[in-house]
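# Structure assessment
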Amino acid sequence: MNLLFFLTPKQDVLYIYEDFTLRQTLEKWANQRFATIPVLKRNGEYVGTITEGDILWGMKNLHGLDLEASEDVPIASFARRRDYKAVTVTTDMPTLLRAAIDQNFVPVVDDRNVFIGMVRRTVLLKEMYGKYVGLPPRKHTRDATSRQGSPSSN
């Protein structure tokens, strides 16, 4: 099975650029329920992931930070605890499943490391569940698990 069958394309994913400020990041992330989102370079290259915890711990170190001051704080200055491992579009299913065991989503990149989307663990689990209980495979459509910003609450 091809991982593209499970791909949520970049256009439907919440992500930030590494040159965003803290304020830009917070504004883009507002009203989303995702604990982890991808970080990209402006050319689309995948850098890693940032979590709500990374932001909170980074803000803790900025004594006296107010919202106006957040305009001057580059998000790249925040330490990231762990980056989600990306896979390429040619990755086989066992490798994709292994990556999804430890990550809520698996970033997918092309051969230049440019982010093209992600595979959510919930989508894989639904497919595996259907196979396990003997349900006929169904076409994956966007549902509640494919909201913009998607990444990691799934």
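Read on for an overview of the structure. (Residues numbered from 1 in each chain as written. Predicted model: local features only at pLDDT ≥ 70, side-chain atom pairs only at ≥ 80, totals over all residues. Heavy atoms only, no water.)

### Let's talk about the packing of aromatic side chains
What counts is decided by this rule: Only centres within 6.5 Å qualify two rings of Phe, Tyr or Trp (six-membered ring in Trp) as a pair; their planes then separate them into stacked at under 30 degrees, edge-to-face at over 60, and tilted for everything else. A run of H or I in DSSP counts as a helix once it spans at least four residues, and a run of E counts as a strand once it spans at least two, with each numbered from the N terminus. Three exposure classes are used, based on accessible area relative to the maximum for each residue type with a 1.4 Å probe and protein chains only: buried under 20%, partly exposed in between, and exposed over 50%.
Tallied over the entire structure, the rule returns six aromatic pairs. Judged by centre distance (5.2 Å) and plane angle (80°), the rings of Phe5 and Phe6 are edge-to-face. With a centroid separation of 6.3 Å and 20° between ring planes, the pair formed by Tyr46 and Phe115 is classed as stacked. Here the residue Tyr46 occupies a position in strand β4 (residues 46-51), and Phe115 occupies one in strand β7 (residues 115-120), the gap between them amounting to 69 residues. Across the pair, exposure class does not vary: Tyr46 and Phe115 are buried alike.

### Details of the sheet that holds strand β2 (residues 16-17)
Within a sheet, adjacent strands bond to each other through the backbone by hydrogen bonds, running parallel or antiparallel. Basically, it comes down to this: Two strands form a pair only when DSSP identifies at least two bridges running between them.
Within the open sheet, the three strands sit side by side as β2-β3-β4. Their pairing is mixed. Two strands close off the open sheet at either side, each with one partner strand: β2 and β4. By the bridge criterion, two bridges tie β2 to strand β3 (residues 36-40) in an arrangement that is parallel. Paired with Ile16 across the two strands is Val39, which belongs to β3.

### As for the sheet that holds strand β5 (residues 87-88)
So the rule is basically this: Any two residues whose heavy atoms approach within 4.5 Å are treated as being in contact. With axes taken as lines fitted to C-alpha atoms, and helix axes fitted only over the stretch in contact, angles between N-to-C directions fall between 0 and 180 degrees.
The four strands lie next to each other as β1-β7-β6-β5, forming an open sheet whose pairing is mixed. Whereas interior strands pair on both sides, the edge strands pair on one side only; in this sheet they are β1 (7-9) and β5. Bridge analysis of strand β6 (residues 105-109) against β7 gives five bridges, and the strand direction is antiparallel. Bridge assignment links Val108 to a residue of β7, and that residue is Gly117. Relative to the sheet, helix α4 (residues 121-132) contacts β6 and β7, its axis offset from that of β7 by approximately 50°.

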